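Here is how the chains run, residue by residue.
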Amino acid sequence: MFSLEARVALVTGAGQSVGAGIATVLARQGATVIVNDLTIDRAEKVVAAIAEEGNHALAAGFDVTDLDAVSAHVRESEAALGHHVDILVHNAGVALERTNKRFRELTPDQWSPSIDLNLYGLLNTTRVVLDGMCDSGWGRIVQVSSGSARTGQNIGVSMYAAGKSGGEGFMRHLAAEVGQFGVTANILALGHQKNLEEKMPPEMIDRILETIPIGRLGDPIEVGAACGYLSSNEAGGLTGQTIDFNGGSQTR
Ligand SMILES: NC(=O)c1ccc[n+]([C@@H]2O[C@H](COP(=O)([O-])OP(=O)(O)OC[C@H]3O[C@@H](n4cnc5c(N)ncnc54)[C@H](O)[C@@H]3O)[C@@H](O)[C@H]2O)c1
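Keep in mind that what you see is a predicted model, and the values were worked out from it rather than measured. (Residues numbered from 1 in each chain as written. Predicted model: local features only at pLDDT ≥ 70, side-chain atom pairs only at ≥ 80, totals over all residues. Heavy atoms only, no water.)

### Overview of a nonpolar patch on the surface
For clarity, the cut-off: In this scheme, patches are assembled from residues that exceed 30% relative accessible area and form no salt bridge. Like charges are connected within 9 Å, while nonpolar side chains (Val, Leu, Ile, Met, Phe, Trp, Tyr) are connected within 5 Å. Method for areas: the Shrake-Rupley scheme with a 1.4 Å probe, in which residue coverage is limited to the protein chains shown. Think of a salt bridge as a Lys or Arg side-chain nitrogen and an Asp or Glu carboxyl oxygen that are within 4 Å of each other. What counts as a helix is a DSSP run of H or I of at least four residues, what counts as a strand is a run of E of at least two, and both are numbered from the N terminus.
Residues Met-1, Phe-2 and Tyr-229 make up a contiguous nonpolar surface patch of roughly 330 Å² in combined accessible area. Its location among the elements puts Phe-2 in the segment before strand S1 (8–11).

Right under this line is the structure:
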């Protein structure tokens, strides 16, 4: 069950943390994984770790906000592998404007970076792989989103939320458009992940943990396992859905 043998997967922003976990799990399930990152060295390290486990991957360094670059690199990877991309996990996306600035404090030129990455990155990568999926009659698209797309938080991430929620709306319409071609489109809305421990002071982590019923932060391999299921044949009946993956947190 849940085998991804003979599938080609593209995971964006997979050079570290959550994306690396997703790439690792998809490769363990048998997919050949195109490991994308803006920083090619990071992608190559993940590819080496996947190869060490005896699985298959190749690195592709490109910026998901640049449609021409996405297209050129994806076509090049597909030619090298002799197969089109069957599975897209759009994971690249962080709150670029995350300086804890509220909307009133942001200048208009600070609006677009997070929207470009979280929304246009999803549109660009989807546009480049969608025809191959539809023409072959099978495809899986997963947007890695965040609980902050559907809830208000006074922590200065409004543009991040604008990008993520725009992407979620797009995914629901995409699911309706491409279901007839055997292509599914789902959203995994993450809660707080382990790598926040590197970015936040311990007392802030403790406050976050109080809001998570399982009492711990998210694990990239577990997120990878969820993506692995959503990417499988067995998940063909599940589309257009948002799955909260947040340890049971009610605050998202
Ligand atoms: N970490 C969390 O607590 C958390 C919570 C909710 C949602 N998420 C979501 O999970 C996903 C992964 O988050 P993370 O914490 O692992 O991020 P991260 O910052 O640790 O890693 C993101 C990777 O994406 C790459 N990247 C950035 N911009 C890119 C671009 N334009 N093109 C290609 N690659 C690019 C970076 O180089 C980096 O290696 C994101 O979509 C994020 O919004 C994370």
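Here the narrative resumes.
### Describing unusual backbone geometry
The test is simple: Only protein chains enter the area calculation, which uses a 1.4 Å probe; residues under 20% of their type maximum are buried, those over 50% are exposed, and those in between are partly exposed.
The backbone phi angle of Phe-2 is positive, close to 65 degrees, even though this residue is not glycine. Residue class for Phe-2 comes out partly exposed when judged on its relative accessible area of 31%. Positive phi outside glycine occurs at Ser-17, with the angle close to 45 degrees. Position of Ser-17 relative to the elements: it lies in helix H1 (residues 17–28). Given the relative accessible area of 26%, Ser-17 is considered partly exposed.

### Considerations on helix H2 (residues 40–52)
Definition in use: How far a helix is expected to stretch is found by multiplying one less than its residue total by 1.5 Å. By construction, the arc corresponds to the directions joining the helix axis to the C-beta atoms. A contact between two residues is defined here by any heavy atoms of the two lying within 4.5 Å.
Helix length check: H2, at 13 residues, gives a terminal C-alpha distance of 18 Å against a target of 18 Å (1.5 Å per residue), a fit within 8%. For H2, the complete set of buried residues consists of Ala-43, Val-46, Val-47 and Ile-50. Projected onto a plane normal to the axis of H2, the buried residues spread over an arc of 100 degrees and lie on a single side. Of the exposed residues in H2, those oriented more than 90 degrees away from the buried face are Asp-41, Lys-45 and Glu-52. Tucked inside the fold, the buried residues of H2 contact H1, strand S2 (32–37) and strand S3 (57–61).

### Digging into the sheet that holds strand S6 (residues 183–190)
Going by this rule: Strands qualify as paired when DSSP identifies two bridges or more between them. All axes here are fitted lines through C-alpha atoms, helices being fitted over the stretch that makes contact, and every angle between N-to-C directions spans 0 to 180 degrees.
Read across the sheet, seven strands follow the order S3-S2-S1-S4-S5-S6-S7 without closing on themselves; strand pairing throughout is parallel. Pairing within the sheet leaves two strands with one partner each, and these edge strands are S3 and strand S7 (242–245). Within this sheet the neighbouring strands show an average axis-to-axis angle of 20 degrees, counted without direction. For S1 and strand S4 (residues 87–90), the ladder comprises three bridges, and the chain directions are parallel.

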